[in-house]
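Below, each chain spelled out in residue letters.
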Number of protein chains: 2
Amino acid sequence: MGVKLGILGLGTVGAGTVQLLQDATGRHPLLEELEIYRVGVRSLDKPRAVELPADIITTDLESIVNDPAVDIVVEVMGGLEPARSLILQALKNGKHVVTANKAAIARFGNEIFTTANEAGVYVMLEAAVGGGIPVIQPLKQSLSVNRIHTVTGIVNGTTNYILTRMQQEGSNFEDVLADAQKLGYAEADPTADVDGLDAGDKIAILASLAFGGRIHLQDVYCEGIRQVSKTDIAYAEKLGFVIKLLAIAKLHGQDTSKLSVRVHPTLLPKAHPLASINGVYNAILVEGEPIGQVMFFGPGAGAGATASAVSSDILNLTATLKTKTASETKPNPLLACRHQDYCQIAPISELVTRFYTRFLTKDQSGVIGKLGTCFGNYGVSLESVVQTGFQGDLAEIVVVTHDVKEGDFRQALTEIHNLEAIDSIPSLLRVL
Amino acid sequence: MGVKLGILGLGTVGAGTVQLLQDATGRHPLLEELEIYRVGVRSLDKPRAVELPADIITTDLESIVNDPAVDIVVEVMGGLEPARSLILQALKNGKHVVTANKAAIARFGNEIFTTANEAGVYVMLEAAVGGGIPVIQPLKQSLSVNRIHTVTGIVNGTTNYILTRMQQEGSNFEDVLADAQKLGYAEADPTADVDGLDAGDKIAILASLAFGGRIHLQDVYCEGIRQVSKTDIAYAEKLGFVIKLLAIAKLHGQDTSKLSVRVHPTLLPKAHPLASINGVYNAILVEGEPIGQVMFFGPGAGAGATASAVSSDILNLTATLKTKTASETKPNPLLACRHQDYCQIAPISELVTRFYTRFLTKDQSGVIGKLGTCFGNYGVSLESVVQTGFQGDLAEIVVVTHDVKEGDFRQALTEIHNLEAIDSIPSLLRVL
């Protein structure tokens with residue numbers, strides 16, 4: 001007996017998934033057991049990239065999640081509502097759910113996973129992070145025998161594309177963004193991408209899986225790339241760094257009960273495995289004991305890659321459904337969500353990191369001494385201080401610190417800002 | 001009720017695995033359901049890196065695979081026999097098997113998987129390829145919804161370490177090998193590594209999983225790195241390449257019923273994702289439709305990394321055992337071996353690839369013309385011909401071809417070898 005899919009949404013990802021499933025030759029033979037049973041769309045009149053019998057397409061999405069014949073609901077419509085309500089309804093009806101919806105999972109994961117656990121069904125979300133890269137399943141399964149201490153990702157293709165071009169061409173953020181919008185690599189409203197919010201959703205999901213706890217999205221610190229300048233990219237290059245928008249989830253120091261979860265542009269040593277990830281590609285580096293470092297690299301978006309991830313979840317559920325006997329009720333602990341408690345997240349002021357800062361100062365003797373004194377007052381130890389040159393009448397000074405508590409560093413900066421010799425502090429970036 | 005493990009072997013990997021399992025805090029909670037029930041060793045007197053109750057250790061390995069209480073046999077002893085017989089006996093006794101033994105799987109996979117399928121149990125081998133990198137499970141599961149056309153790996157840490165140092169230091173193979181042996185990165189008898197045999201075992205396993213067929217190991221073409229010279233590494237560098245020992249499994253042209261499976265040193269464009277994998281690290285690049293490229297990177301060996309892979313297989317089986325009801329008999333198609341037929345493998349003479357060749361010739365005018373004519377006679381089209389300088393009285397000429405059938409290229413070389421002006425052909429390498 002075939003496994004019946006109810007697909008919600010027939011946009012890029014939905015159409016890509018249908019295309020993959022309709023053309024099963026040469027793929028895992030289990031895909032042939034699948035039936036695209038119902039497909040929900042917003043409008044019946046829109047031209048489609050895929051051919052489907054007219055009688056399985058409907059605009060009544062609720063009828064799909066309530067249809068007793070549907071085994072798996074595939075939510076690829078995106079957005080918060082009605083996606084959230086439809087997912088919850090499907091779960092309550094005892095259907096497994098596959099979703100690519102990082103925004104809904106990051107915001108409503110708590111009620112979604114609680115509902116799934118109560119109903120004894122699974123929520124699969126490989127496509128929510130890293131496009132086609134298999135990273136969710138390895139985190140839930142293979143890597144979970146490790147004590148993971150850090151997950152670091154380049155998980156937003158748009159910003160990585162923009163930063164890569166800024167670096168390679170020496171261009172400004174605004175110019176590259178405008179071009180990326182023309183080429184379709186950035187949305188007309190680029191906020192979610194360039195302000196780090198999309199990456200924030202994704203690192204919340206990865207942190208939850210890696211550290212076995214739920215994450216309050218509002219605890220995730222998000223800083224985007226609008227303030228990254230070509231000047232800083234050039235200085236970083238000279239100092240042996242590239243600038244990447246990193247999403248980081250990490251044990252907070254020795255305290256294994258607390259996490260630091262954040263997104264910000266970061267100076268990354270050129271030899272770091274993530275430093276060579278360019279363009280729209282994504283990569284996720286997982287570090288733990290005893291495995292050391294493993295990295296997953298691949299296309300972070302696109303119809304084909306995302307369809308691969310969605311289909312892999314469908315395949316996984318199909319294997320489970322085909323294996324299950326009527327009497328079976330025990331959920332597989334590697335597929336179910338295993339955490340119910342929230343992780344404690346340290347505020348960004350408690351972060352311990354290195355900083356890169358660029359100052360414009362009046363051309364007076366003794367400015368570097370004053371900077372050093374202010375930093376010293378707050379226990380900020382400096383790795384390098386370089387007067388890089390002049391911008392008009394103003395001297396430009398680039399400072400890289402050793403590891404310092406962010407709160408202490410910010411206090412020092414406030415004091416420095418008030419120094420008569422300081423004109424402005426155009427850049428402030430964290431260093432990995 | 002706990003799941004009982006019978007572990008065969010307590011060397012580096014065995015001890016690493018026991019250590020991980022004995023210290024389950026902070027890892028997947030399912031690990032707490034495991035019991036290290038019996039451990040088989042060669043000698044009882046050897047000092048151990050781990051503490052175990054004396055009464056569970058035995059030198060009678062057969063008693064472990066025949067013990068009705070044992071649920072999972074973990075074969076981490078290595079070698080061909082008695083590993084093969086013990087694995088087969090365990091399977092016949094209805095026990096699942098976890099193994100890190102690439103040599104046994106590559107040689108005896110046929111009978112091992114047939115026996116497992118007949119007994120309705122699973123053989124798990126994440127640790128057999130790529131150390132700690134989760135690549136076997138993604139290939140069997142997530143990626144199998146794709147039509148995979150190429151798997152390319154750096155799967156031998158020893159040779160990658162040697163080539164990396166040769167490149168970074170401009171050193172000779174022999175010198176770096178000797179040093180690697182001193183440092184413990186290469187074995188006293190380095191044959192299996194430097195002649196590409198270990199990589200051959202691993203690509204046979206990867207090919208089998210990626211293309212859903214069994215592989216005759218003798219069909220895998222293996223060429224090692226002994227003949228890679230510092231001269232060629234330097235020329236490759238100038239031409240924009242690095243030299244890596246690649247293990248490649250690929251559909252043979254348009255013919256999807258035939259594979260090319262091979263290991264050889266390869267000139268790799270510097271921008272290729274595998275080009276920046278250095279030192280003892282491994283990486284596996286999988287290409288397919290619709291996913292595009294995904295790459296898995298991590299430590300290719302070491303007690304911790306391999307223990308992570310072995311333990312992830314144990315975790316997977318434990319989840320299956322804990323989920324299974326007494327009445328259940330259907331095997332999970334994503335865990336079982338799904339292929340019984342052998343893949344057809346094209347002989348290396350049918351390979352279509354680019355070549356890099358270095359010639360030493362007498363310093364006569366017209367030599368390049370003669371080379372070009374010979375190549376032309378066999379349909380070999382040239383991308384570049386550069387006279388790079390002199391070695392003593394002899395002129396040195398480096399040729400890079402376009403794609404050519406290896407058989408045709410070899411015929412042209414035989415003819416060139418007979419030219420009066422040709423002194424010798426010191427190097428011949430394939431180009432990706």
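What counts, and at which threshold
- Residues numbered from 1 in each chain as written.
- Chains lettered and ligands numbered in written order.
- Predicted model: local features only at pLDDT ≥ 70, side-chain atom pairs only at ≥ 80, totals over all residues.
- Heavy atoms only, no water.
- UniProt positions renumbered as here; feature names shortened; annotations may be inferred.
- Helix = DSSP H or I, 4+ residues; strand = E, 2+ residues; numbered from the N terminus.
- Rg over C-alpha atoms; globule rule 2.2 N^0.38 Å.
- Buried < 20%, exposed > 50% of the residue type's maximum accessible area, 1.4 Å probe, protein only.
- Contact = heavy atoms within 4.5 Å.
- Areas by Shrake-Rupley, 256 points an atom, 1.4 Å probe, with all protein chains shown as cover.
- Lys, Arg positive; Asp, Glu negative; His and termini not counted.
- Charge placed at Lys NZ, Arg CZ, Asp CG, Glu CD.
- Least-squares fit on C-alpha atoms with pLDDT ≥ 70 in both.
- Pairing = 2+ DSSP bridges.
- Axes fitted to C-alpha atoms, helices over the stretch in contact; angles between N-to-C directions.
- Buried area = accessible area lost by both parts, 1.4 Å probe.
- Salt bridge = Lys/Arg side-chain N within 4 Å of Asp/Glu carboxyl O.
- Domains from an automatic or database assignment.
- Phe/Tyr/Trp six-rings, centres within 6.5 Å; stacked < 30°, edge-to-face > 60°.
- Polar contact = N/O pair within 3.5 Å; in protein donor to acceptor, adjacent residues only side chain to side chain.
- Patch = residues over 30% accessible without salt bridge, like charges linked within 9 Å, V, L, I, M, F, W, Y side chains within 5 Å.

As annotated in an unreviewed UniProt entry, chain A carries the name Homoserine dehydrogenase and comes from Calothrix parietina FACHB-288. Quoted verbatim from the Sequence similarities (unreviewed entry) field of the UniProt record, the comment on chain A reads "Belongs to the homoserine dehydrogenase family." Turning to chain A, the UniProt annotation filed under Catalytic activity (unreviewed entry) states: "L-homoserine + NADP(+) = L-aspartate 4-semialdehyde + NADPH + H(+)".

Draft legend 1. How the structure looks around the overall build of chain A. Within chain A, the regular secondary structure consists of 13 helices and 18 strands. Taken over C-alpha atoms, the radius of gyration comes to 24 Å for chain A, in line with the 22 Å a tight globule of 432 residues would show. Of all 432 residues assigned to chain A, the portion counted as buried reaches 59%. Counted over contacts in chain A with a minimum sequence separation of 6, partners at least 24 positions apart contribute 73%. As displayed, chain A offers around 16400 Å² of accessible surface, 49% of which is attributable to carbon and sulfur atoms. Separation of charge centres in chain A, based on 36 positive and 47 negative side chains, amounts to 2 Å.

Draft legend 2. Region of interest: the relation of the copies chain B and chain A. Take chain B, turn it by 180°, move it 0.0 Å along the axis, and it overlays chain A with an RMSD of 0.0 Å. Look at the turn and shift together and you get a two-fold axis relating the two. Rotation axis and chain B: the residue whose C-alpha lies nearest the axis is F296(B), separated from it by 2.4 Å. In this assembly, 100% of the residues forming the interface of chain B have copies in chain A that are likewise at the interface, indicating an isologous arrangement.

Draft legend 3. A look at the environment of L285(A). Residue and element names in this part refer to chain A. On the secondary structure map, L285 appears in strand β11 (residues 281-289). Residue classification places L285 among the buried residues on the basis of a relative accessible area of 0%. Along the sequence, L285 and A346 sit 61 residues apart, while their C-alpha atoms lie 21 Å from each other. Sequence-distant contacts of L285, defined by excluding residues within four places in its chain, comprise T150, V151, T152, H272, P273, L274, Q293, V294 and M295.

Draft legend 4. Layout of the environment of A106(B). All names here are of chain B. Structurally, the position occupied by A106 is in helix α4 (residues 102-119). Here A106 falls in the buried class, since its relative accessible area comes to 8%. Along the primary structure A106 and I205 are separated by 99 residues, whereas in three dimensions their C-alpha atoms are 6.0 Å apart. The contacts of A106, once residues within four sequence positions are left out, are D201, I205 and L217.

Draft legend 5. Geometry of the sheet that holds strand β5 (residues 96-99) of chain A. Residues and elements named next belong to chain A. Taken together, the six strands give an open sheet; going across it, the order is β3-β2-β1-β4-β5-β6, and neighbouring strands pair in parallel fashion. The open sheet terminates on both sides in strands that have one partner only, identified here as β3 (57-58) and β6 (123-124). Where strand β1 (residues 3-8) and strand β2 (residues 34-40) come together, six bridges link them in parallel fashion. Its bridge partner lying in β2, G6 is registered against R38. Lying on the sheet, helix α1 (residues 12-22) is in contact with β1 and β2; it crosses β2 at an angle near 155°.

Draft legend 6. Just unusual backbone geometry, in detail. Cis peptide bonds are those with omega within 30 degrees of zero, and the linkage from E81(A) to P82(A) qualifies with 5°. By the secondary structure assignment, P82(A) is in the loop between β4 (72-75) and α3 (83-92).

Draft legend 7. Broad picture of the sheet that holds strand β2 (residues 34-40) of chain B. Residues and elements named next belong to chain B. Strand order in the open sheet formed by six strands is β3-β2-β1-β4-β5-β6, with parallel pairing between adjacent strands. Each edge of the sheet is formed by a strand with only one pairing partner; in this case those strands are β3 (57-58) and β6 (123-124). Contacting β1 (3-8) and β2, helix α1 (residues 12-22) crosses the sheet at an angle of about 155° to β2.

Draft legend 8. Layout of the interface of chain B and chain A. The partner chain A presents 55 residues to the 55 residues of chain B that form the contact. Across the chain B/chain A interface, buried area totals approximately 4500 Å², and carbon plus sulfur atoms make up 57% of it. Considering only the side of chain B, the residues that lose the most area to chain A are V145(B), R147(B) and F297(B), jointly responsible for 14% of the buried surface there. At the surface where chain B touches chain A, the tally comes to four salt bridges. With a shortest N-O distance of 2.7 Å, R147(A) and D23(B) are connected by a salt bridge.

Draft legend 9. Expanded view of the pattern of salt bridges. For the structure shown, the criterion picks out 48 salt bridges over all chains. In this structure, the salt-bridge partner of E223(A) is R430(A), at a minimum N-O distance of 3.0 Å. With a gap of 207 residues between them, E223(A) in the loop between β8 (221-222) and α10 (230-238) and R430(A) in strand β18 (residues 422-431) connect regions that are remote in the sequence. Salt bridges sharing partners connect three or more residues here, namely D23(A), R27(A), R147(B) and E289(B).

Draft legend 10. Examining the domain arrangement of chain A more closely. All names here are of chain A. Each assigned domain of chain A is listed with its residue range as follows: domain 1 (3-132 + 303-338), domain 2 (136-299) and domain 3 (349-431). Here the C-alpha centre of domain 2 lies 27 Å away from the C-alpha centre of domain 1. With 24 residues of domain 1 in contact, the opposing surface of domain 2 contributes 18 residues. Here domain 1 meets domain 2 over a buried area of about 1700 Å², counting both sides, of which 55% is carbon and sulfur. Considering only the surface of domain 1 that becomes buried against domain 2, A106, V129 and L334 emerge as the three largest contributors, covering 31% of it. Joining domain 1 to domain 2, the criterion identifies two salt bridges. At the level of elements, α4 (102-119), β6 and α11 (303-323) are the ones that each hand at least two residues to the side of domain 1 that touches domain 2. In terms of residue count, the dominant contributor to the side of domain 1 that touches domain 2 is α4 (nine residues).

Draft legend 11. Structural detail: the packing of aromatic side chains. In total, this model carries 11 aromatic pairs over all chains according to the counting rule given. Residues F375(A) and F409(A) carry aromatic rings whose centres are separated by 5.6 Å and whose planes lie at 15° to one another, so their mutual orientation is stacked. Placement of F375(A) in helix α12 (residues 367-377) and of F409(A) in helix α13 (residues 406-417) is noted, with a sequence separation of 34 residues between them. Considered together, F375(A) and F409(A) belong to a single accessibility category, that of buried residues. Where F359(B) meets F375(B), the ring centres are 6.3 Å apart and the plane angle is 70°; that geometry is what we call edge-to-face. A residue pair is termed long-range when its members are at least 10 positions apart, and F359(B) in strand β14 (residues 352-361) and F375(B) in helix α12 (residues 367-377) qualify at 16 residues.

Draft legend 12. Representation of the environment of G132(B) in the model. With respect to the helices and strands, G132(B) occurs in the loop between β6 and α5 (136-140). Residue G132(B) is classed as buried on the basis of its relative accessible area, which comes to 4%. Between the C-alpha atoms of G132(B) and S311(B), which are 179 residues apart in sequence, the distance is 10.0 Å. Excluding residues within four positions of it along the chain, G132(B) makes contact with I291(A), V294(A), P299(B), A305(B), T306(B) and A309(B).

Draft legend 13. View of the UniProt feature "domain: ACT" (unreviewed entry) in chain A. What UniProt calls "domain: ACT" (unreviewed entry) maps, in this numbering, to residues 356-432 of chain A. Along residues 356-432 of chain A one finds 30% helix and 47% strand; the C-alpha atoms at either end are 10 Å apart.

Draft legend 14. Examining helix α3 (residues 83-92) of chain B more closely. All names here are of chain B. Taken together, the buried positions of α3 are A83, L86, I87, L88, A90 and L91. Buried residues along α3 sit in contact with β1, α2 (61-65), β4 (72-75), β5 (96-99), α4 and β6. A positive phi of about 80° marks G94, the residue just after α3.

Draft legend 15. Fine view of the side chain of D232(A). All names here are of chain A. Structurally, D232 is set in helix α10. At 2.8 Å, the side chain of D232 forms a polar contact with the side chain of S229. Other than its neighbours up to four places away in sequence, D232 contacts I243, Y356, R358, S427 and L429.

Draft legend 16. Structural view of a nonpolar patch on the surface. Taken together, the side chains of L183(A), Y185(A) and V280(A) present a nonpolar region at the surface, about 260 Å² in accessible area. With respect to the helices and strands, the residue L183(A) is situated in helix α7 (residues 173-183).

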